[in-house]
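Below are the chains, spelled out letter by letter.
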Amino acid sequence: MPPEYNVRAVERALAILDCFSIEHTSFSLMEISKEIQLSASTTLRLLSTLEKRNYLYRNPDNSRYYLGARVAQLGNAIFTNLDICSRLCRSCAGDITRV
């Protein structure tokens, strides 16, 4: 896809989400800012938007960010799609073996 079709704010928000992994489940503002190489003020605006949309959760006790409930909902949608695809593949495989 040509670069002109990229939306910088979306790229930056996804870069934040990409920071998270099994090994790294929480980050401070400064840790994320350093990781994605943006200023703290820009990072905070992106984090605030992601938090408002429930993609991230900010723990008020330690000010660290964690993946939010919306990410889990999207993950569940993937498993639903995989289940549908799995059933479809089994059905098609049965059709193929009867040919």
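All chains use their own residue numbering, which begins from 1 and follows the written sequence. Per-residue local features of the predicted model are confined to residues with pLDDT of at least 70, and side-chain atom pairs are confined, for both listing and counting, to 80 or more; whole-chain, interface and lining totals are unaffected and use all residues. To get the side-chain values, take all heavy atoms of the structure and skip hydrogens and water.

**Considerations on the overall build of the chain**
The helix and strand labels rest on DSSP assignments: H or I over at least four residues marks a helix, E over at least two residues marks a strand, and numbering proceeds from the N terminus. When helices and strands are counted, the chain shows 4 helices and 2 strands. Going from N to C terminus, the chain has its helices and strands arranged as α-α-α-β-β-α. Accessibility here uses a 1.4 Å probe with only protein chains present; expressed as a share of the type maximum, an area under 20% marks a residue as buried, one over 50% as exposed, and anything in between as partly exposed. Residues classed as buried in the chain amount to 22% of the 99 residues present. In what follows, a contact means two residues having at least one pair of non-hydrogen atoms within 4.5 Å. Counting only contacts in the chain whose residues sit at least 6 apart along the sequence, the fraction spanning at least 24 positions is 40%.

**Focus: the pattern of salt bridges**
Any Lys or Arg side-chain nitrogen located within 4 Å of an Asp or Glu carboxyl oxygen qualifies as a salt bridge. One pass over the structure, following the stated rule, counts 1 salt bridge. As a salt-bridge pair, R64 and E31 come within 3.0 Å of each other at their nearest N and O atoms. With R64 in the loop between β1 (56–58) and β2 (65–67) and E31 in helix α2 (residues 29–36), this residue pair connects regions lying 33 residues apart in the sequence. The exposure class of E31 is partly exposed, given its relative accessible area of 36%.

**Here we look at the packing of helix α1 (residues 8–18) against helix α3 (residues 40–52)**
What counts as an axis is a line fitted to C-alpha atoms, over the stretch in contact for a helix, and the angles between N-to-C directions run from 0 to 180 degrees. Axis separation between α1 and α3 bottoms out at 10 Å; the angle between their running directions is 80 degrees. Judged on the interaxial angle alone, α3 and α1 are roughly perpendicular. Residues A9, R12, A13, I16 and L17 of α1 pack against T42, T43, L46, L47 and L50 of α3. Tallied by class, residues from the contact of α1 with α3 come to 7 nonpolar, 2 polar and 1 charged. Note on angle classes: values under 35 degrees are labelled roughly parallel, values over 145 roughly antiparallel, values of 65 to 115 roughly perpendicular, and the remainder oblique. Just so you know the grouping, Ala, Val, Leu, Ile, Met, Phe, Trp, Tyr, Cys and Pro go in nonpolar, Asp, Glu, Lys and Arg go in charged, and all remaining residues, Gly too, go in polar.

**Some points on the nonpolar core**
Here, nonpolar core refers to any group of buried Ala, Val, Leu, Ile, Met, Phe, Trp, Tyr and Cys residues whose side-chain atoms link them within 4.5 Å. Counting 14 residues, the largest nonpolar core has I16, F20, I32 and L56 as the members making the most contacts within it. Listed by contribution, the elements that provide at least two residues to this core are α1, α2 and α3. Here this core takes 3 residues from α3, the largest share from any one element. Every residue in contact with I16, bar those within four places of it in the chain, is listed here: I32, I36, T43, L46, L47, L50 and L56.

**Looking at the packing of α2 against α3**
The geometry of α2 relative to α3 is characterised by a closest axis approach of 9 Å and an angle of 110 degrees between their N-to-C directions. Compared by their axis directions, α2 and α3 come out roughly perpendicular. In this structure, α2 uses L29, M30, I32, S33 and I36 to contact α3, whose residues at the interface are A40, T43, L44 and L47. Considered class by class, the residues forming the contact of α2 with α3 number 7 nonpolar, 2 polar and no charged.

**Observations regarding the side chain of T43**
Within the secondary structure layout, T43 lies in helix α3. Filtering out sequence-adjacent residues up to four positions away, T43 remains in contact with I16, L29, I32, S33, I36 and L38.

**Quick notes on α2**
Every buried residue of α2 is accounted for by I32, S33 and I36. Angular distribution of buried residues about the axis of α2 spans 100 degrees; they occupy a single face of the element. Along α2, exposed side chains directed more than 90 degrees from the buried face belong to M30, K34 and E35. Buried residues belonging to α2 abut α1, α3 and β2. Downstream of α2 by a residue or two, Q37 has a phi angle that is positive, lying close to 60 degrees. Along the arc lie the directions from the helix axis toward the C-beta atoms.

Just geometry here; none of it tells us what the structure is for.
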